[in-house]
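Structure assessment
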Amino acid sequence: ACTGIENIDEAITLLEQNNWDLVAAINGVIPQENGILQSEYGGETLHGPAYGPTSHSTAASSTPSSSSAFRHVVPSRQIVERQPRMLDFRVEYRDRNVDVVLEDSSTVGDIKHILENELQIPASKMLLKGWKTGDVDDSTVLKTLHLPKNNSLYVLTPDLPPPSSSHSGALQESLNQNFMLIVTHREVQREYNLNFSGSSTIQEVKRNVYDLTSIPVRHQLWEGWPPSATDDSMMLAVSGLTFPCHRLTVGRRSSPVQTREQSEEQCTDVHMVSDSDGDDFEDATEFGVDDGEMFGVASSALRKSPMMPENAENEGDALLQFTAEFSSRYGDCHPVYFIGSLEAAFQEAFYGKARDRKLLAIYLHHDESVLTNVFCSQMLCAESIVSYLSQNFITWAWDMTKEANRARFLTMCTRHFGSVVAQTIRTQKTDQFPLFLIIMGKRSSNEVLNVIQGNTTVDELMMRLMAAMEIFSAQQQEDIKDEDEREARENVKREQDEAYRISLEADRAKREAQEREMAEQFRLEQIRKEQEEEREAIRLSLEQSLPPEPKEESTESVSKLRIRTPSGEFFERRFLASSKLQVVFDFVASKGYPWEEYKLLGTFPRRDVTQLDPNKSLLEVKLYPQETLFLEAKE
């Protein structure tokens, strides 16, 4: 309202240059003789913004009891009435383009009436699409849409039959198709699968992506749009996207200092950055801009997205948003924040090997502190600080702006550090934030080495970090020595335990071998005994089954046999000459020489008697009246 600057990007850039000092930013743009704004409060002259046009004339007097410290500057010359703003529209319908020029006080219905005469289509049959603020009705006044000077729209007529040409039929078919857009959010490495109809516009896609990523359309940096996609008002069906699936990548555009001409030049690349020239307020609804507002524009436009959602269930998700928002505000050169809970950060920093342990740095952010922007941009994002933190610290962050998040952190602080540290943080005033807590893990507890407030310098911050590292390094060396000694003792104990285990294993194996050998001997002995018992039983059975030995004075023919054993012993017996040879075999077996294992040999002639028919009589086999036989073991 004071400077005539309508471009949001340029206004924010000027505020950043002046460290968000509104009065300094306004006076830096307005010429000095016009920019010094006079006001009276308690008899003193103040410098500040004025509502309305500026002038180099002196202001009218006001009483000290005025309810506002600032008053209007009344220009000495007559105020020129506001001229109506002209808007240019290029309307596309099938193969035709119609140019329409209207004042911003006209309505959407006025555009339709002009198109009705040009296209010979009833206004009631038209659907006018391509509005950057969503669908509107015929009574909507153009001024309320905050449109740029040049606009592109298109007309749909779903109630009218399509033209007979094949091209129009193919276009209508494309409009009815659904496109799958796989959009990758670069900062958080997350993919979104979005379905859009072919009649949707590129601008609608970008606004939907804003709802998902919280990146305003004017800050979106895109990759993957086809070269033919030269206008955000273009429908997806005619933009050249790959059907049915197309991949895109979106990130947040940095905010370098730009002039109005540089901003307009950069916005010509529609593939990378959404178009936004001096008259383009495509994000006006996002900031609540209205022509009737004056400084209300600045207050709502400068409202930042929260660093961290309130009452986040998962600390890791909250830290992801914190990191993304921090990068969007202060750039990519910043400490690497640990993504996870505070307990997980403790685990990472304190509970590894002594050589791998680090200090834990907890950054407590507060958006309402006047020191926050300077601390983050000039100190926390300084390359020397970032490098030193990444090498020696695990950095964890939390946003204390919201009361719920503040209470949640104080609860965590009480649990991990005790009530004294929690009370110290609780008593810190808003303007003392941001805070930087340096934590060192000890055997029994976690010790807060230092609490660094936001009113510091890069050199002082580095010195305090280095001082904390000296304390930590001394403690770490002791921990390493203790750990090495403990590992040495454990190694000796492990070696002793291993040697004892090997000895036990050898003794056990030897004992098991002996037990197996004894068991085998016992088994063989049992088999031998069983065999002997079986043989003895057979022998006794055969001995009992033998016919009685005939006497020498028997009147029957008697054969006298003399049998020599392998050991040289002899035993004799008389048999009836009519007895079968089997009786002789049974006799020999009853003496312990079964004919299955031994053979009975005759002398003259030498023959194997066991090969003869055992059912023949001794007389028939010529073992009568006497014979000497030899027992020989079979092979």
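Every value quoted in this text rests on a predicted model; they were computed, and no experiment measured them. (Residues numbered from 1 in each chain as written. Predicted model: local features only at pLDDT ≥ 70, side-chain atom pairs only at ≥ 80, totals over all residues. Heavy atoms only, no water.)

**Quick word on the overall build of the protein**
For clarity, the threshold we go by: Where helices and strands are cited, they refer to DSSP runs of H or I of at least four residues and of E of at least two residues respectively, numbered from the N terminus. Relative accessibility thresholds used throughout: buried, under 20% of the residue-type maximum; exposed, over 50%; partly exposed, between the two (1.4 Å probe, protein chains only). Two residues form a contact once any of their heavy atoms are found within 4.5 Å. We get accessible surface area from the Shrake-Rupley algorithm with a probe of 1.4 Å; when it comes to residues, only the shown protein chains can shield them.
Assigned secondary structure in the protein consists of 17 helices and 19 strands. For the protein, with 635 residues in total, the buried portion stands at 40%. For the protein, contacts bridging at least 24 residues in sequence account for 63% of all contacts bridging at least 6. Carbon and sulfur atoms form 49% of the exposed surface of the protein, whose accessible area is close to 35,300 Å².

**Regarding the packing of helix 13 (residues 383–392) against helix 16 (residues 458–545)**
Relative placement of two packed helices is described by the angle separating their axes and the distance separating the axes. This is how the line gets drawn: Helix axes are fitted to C-alpha atoms over the stretch in contact, other axes to C-alpha atoms as well, and angles between N-to-C directions run from 0 to 180 degrees. Roughly parallel covers angles under 35 degrees, roughly antiparallel covers those over 145, roughly perpendicular covers 65 to 115, and oblique covers all other angles. For a crossing to be left-handed, the near helix must be turned anticlockwise from the far one by less than a right angle; the clockwise case is right-handed.
At a closest axis distance of 10 Å, the pairing of helix 13 and helix 16 adopts a crossing angle of 15°. Our classification of the angle between helix 13 and helix 16 gives roughly parallel. You can see that helix 13 and helix 16 cross each other, and the crossing is left-handed. Side by side, helix 13 and helix 16 meet where S384, I385, Y388, L389 and N392 of the first sit next to V458, L461, M462, L465, M466 and M469 of the second.

**Here we look at the sheet that holds strand 19 (residues 626–633)**
Basically, it comes down to this: A pair of strands is considered paired only if DSSP assigns at least 2 bridges between the two.
The sheet built from five strands is open, its strands ordered 16-15-19-17-18 with mixed pairing. Two strands bound the open sheet, and with one partner strand each, they are strand 16 (570–576) and strand 18 (607–608). Looking at chain direction, strand 17 (residues 598–602) and strand 19 are connected through five bridges and run antiparallel. Counted as the bridge partner of L601 is F630 from strand 19. Along the sheet, helix 17 (residues 581–590) makes contact with strand 15 (558–564), strand 16, strand 17 and strand 19, crossing strand 16 at roughly 150°.

**A short note on the pattern of salt bridges**
Side chains bearing opposite charge may pair, as long as their charged atoms lie close to each other. Where we set the bar: When a carboxyl oxygen of Asp or Glu lies within 4 Å of a side-chain nitrogen of Lys or Arg, that pair is called a salt bridge.
Counted according to the given criterion, the structure contains 32 salt bridges. One salt bridge in this structure joins D484 and R355, with 3.1 Å as the shortest N-O distance. On the criterion of sequence distance, the pair formed by D484 in helix 16 and R355 in the loop between helix 11 (342–350) and strand 11 (359–365) is long-range, its members being 129 residues apart. Notably, a salt bridge pairs R606 with E632, separated by 3.9 Å at the nearest N-O pair.

**Focus: the packing of helix 14 (residues 403–417) against helix 15 (residues 419–426)**
As a reminder of what qualifies: Amino acids are sorted into nonpolar (Ala, Val, Leu, Ile, Met, Phe, Trp, Tyr, Cys and Pro), charged (Asp, Glu, Lys and Arg) and polar (every other residue, Gly among them).
As a packed pair, helix 14 and helix 15 sit with axes 7 Å apart at the nearest point and diverge in direction by 150°. Put simply, helix 14 runs roughly antiparallel to helix 15. The segment helix 14 lies against helix 15, with R406, F409, L410, C413, T414 and F417 engaging S419, V421, A422, I425 and R426. Of the residues assigned to the contact of helix 14 with helix 15, the class counts are seven nonpolar, two polar and two charged.

**Quick look at helix 13**
Every α-helical turn comprises 3.6 residues, leaving residues that sit three or four positions apart pointing alike. Among the residues of helix 13, I385, V386, Y388, L389 and N392 are the ones counted as buried. Looking at the buried residues of helix 13, the elements they touch are strand 11, helix 12 (372–380), strand 12 (393–399), strand 13 (435–441) and helix 16.

**Some remarks on unusual backbone geometry**
The omega torsion across F243 and P244 is 5°, close enough to zero to call that bond cis. Mapped onto the elements of the fold, P244 is located in the loop between strand 9 (220–223) and strand 10 (245–252). For the bond running from Y624 to P625, omega is 5°, close enough to zero to count as cis. By secondary structure assignment, the location of P625 is in the loop between strand 18 and strand 19. Although it is not a glycine, Q120 sits at a positive phi angle of roughly 60°. The phi dihedral of Q189 falls on the positive side, at around 55°, and the residue is not glycine. Within the secondary structure, Q189 is located in the loop between strand 7 (178–185) and strand 8 (190–197). Take Q189: its relative accessible area is 63%, and that puts it in the exposed class.

**Considering the state of the cysteines**
What counts, and what does not: Only a pair of cysteine sulfur atoms within 2.5 Å counts as a disulfide in this structure description.
Counting across every chain of the model gives zero disulfides. Unpaired in terms of disulfides, C381 finds its nearest cysteine sulfur in C333, a separation of 6.4 Å.

**Comments concerning the confidence of the model for the protein**
Here is the rule: Here pLDDT means the predictor's own confidence in every residue, given as a number from 0 to 100.
Summarising the model, the protein shows a mean pLDDT of 79, and 81% of its residues fall at 70 or more. Low confidence marks residues 32–81, where pLDDT is under 50. Its contacts with residues over four positions away, or in another chain, come to 63 contacts. This stretch, residues 256–303, has a pLDDT under 50; its non-local contacts, to residues over four places away or in other chains, come to 107 contacts.

**Looking at the environment of P434**
With respect to the secondary-structure elements, P434 resides in the loop between helix 15 and strand 13. Separated by 66 residues in sequence, P434 and E368 place their C-alpha atoms 9.8 Å apart. Contact partners of P434, with chain neighbours within four places excluded, come to Y363, L364, H365, S369, L371, T372, F375, I452, Q453 and G454.

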